[in-house]
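Remarks on the overall topology
So the chains spell out like this:
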Amino acid sequence: VAAIVKDSVVEINTEYKTENIWFQYTTGGAGSGVILTEDGYIVTNAHVILDNNQQNVVDTVTVRLTDGTEYPAEVKAYDTDEDIAIVKIDAKGLKAVKCGDSDKLVVGQELVIVGNPLGELGGTVTNGIVSATEREIQVGGVTMDLIQTNAAVNLGNSGGGMFNMRGELIGIVNSKSFGTGIEGLGFAIPVNKAISVSEELMTKGYVSGKPMIGVSFEDVTNDASSFFFFGSTT
């Protein structure tokens, strides 16, 4: 399986400018991605291509293939609610991933994860099982139904591929639970959902079916916020 899928998973590195009260500096992040088309469309997580505050797209995105070749990438579209982004590199003849059917997953089924843990170990393969097929998890304040696994997932694995034993993509890794005494709790967006969102992002530039009325809300919880919004504390 590792041999079949390795060339369909890429490393992603990002850079962007940020500042504090003293000076401006350049920082960055790392993640993984999966090749969707032979001409360079790649799916990853939205949080991989956003800055540390998850507010703005990073300044530069660099994609590295398994042979070490690096390409500058353009962020074509993304959706933070679905945590999916599409980036594009100027390349041909890439090995596009073969997709499976996440609706057919069963608990206990074997799988492997391929990604770039710690942003330094591209092409790392870990294995495990499907621990749950529809786990409701809060990711960045958004409730998502995700595949749960005990396969090792670390920072940098985000956007990487979860594969079944036929070498078919079954999920896009996007989160893990961590902390003292916690291990073996990784999560991935089911491929059926990820591909549906990706197709809309590639064809429309956005995910349809999300009406909004253009209104935002702020809780007025103390005298200071009351005075700021209404000019009075009563």
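Heads up: these notes are all about the structure in this document. (Residues numbered from 1 in each chain as written. Predicted model: local features only at pLDDT ≥ 70, side-chain atom pairs only at ≥ 80, totals over all residues. Heavy atoms only, no water.)

Moving on: the pairing of strand β9 (residues 142-149). The pairing of strand β8 (residues 124-139) with β9 spans 7 bridges and is antiparallel. Opposite A132, over in β9, you have Q148 as the bridge partner. A loop of 2 residues connects β8 with β9, the two strands running antiparallel in sequence, and G140 in this loop sits at a positive phi of about 60°. As defined by bridge partners, β9 adjoins strand β12 (residues 186-190) across 3 bridges and the pair is classed as antiparallel. Residue pairing for β12: T149 is matched across the bridge by G186. (Pairing = 2+ DSSP bridges. Helix = DSSP H or I, 4+ residues; strand = E, 2+ residues; numbered from the N terminus.)

For the rest of this paragraph, the subject is the layout of surface pockets. Estimated volume of the largest pocket: approximately 820 Å³. For the lining of the largest pocket, the secondary structure elements donating two or more residues are β1 (9-19), β2 (24-35), β8, β9 and β11 (169-176). Tallying contributions element by element places β11 first for the lining of the largest pocket, with 4 residues. In terms of residue class, the lining of the largest pocket is built from 15 nonpolar, 16 polar and 3 charged. Of the voids in this model, the second largest pocket is the one considered here, and its volume is about 330 Å³. Every element with two or more residues in the lining of the second largest pocket is listed here: β8, β9, β12 and α2 (191-203). (1 Å grid on protein atoms, 1.4 Å probe; cavity = no way out; pocket = protein on both sides within 12 Å on 5 of 7 lines; lining within 4 Å. Points joined across faces, edges and corners; volume = space filled by probe spheres on them. Nonpolar A, V, L, I, M, F, W, Y, C, P; charged D, E, K, R; others polar.)

This part takes up the sheet that holds β2. Strand order in this closed barrel of 6 strands is β1-β2-β3-β6-β5-β4, and the pairing throughout is antiparallel. Within this sheet the neighbouring strands show an average axis-to-axis angle of 40°, counted without direction. Pairing of strand β5 (residues 70-79) with strand β6 (residues 84-88) involves 5 bridges; the strand directions are antiparallel. The partner of D79 across the bridge, within β6, is I84. Of the strands in this sheet, β3 (41-44), β5 and β6 are in contact with α2, which crosses β6 at around 50°. (Axes fitted to C-alpha atoms, helices over the stretch in contact; angles between N-to-C directions. Contact = heavy atoms within 4.5 Å.)

Time to look at the side chain of T44. By the element assignment, T44 lies in strand β3. Since its relative accessible area comes to 0%, T44 is described here as buried. Only 2.6 Å separates the side chain of T44 from the backbone oxygen of S32, close enough to count as a polar contact. Once residues within four sequence positions are removed from consideration, T44 is found in contact with I12, S32, G33, I49, D83, I84, A85, S158 and G159. (Buried < 20%, exposed > 50% of the residue type's maximum accessible area, 1.4 Å probe, protein only. Polar contact = N/O pair within 3.5 Å; in protein donor to acceptor, adjacent residues only side chain to side chain.)

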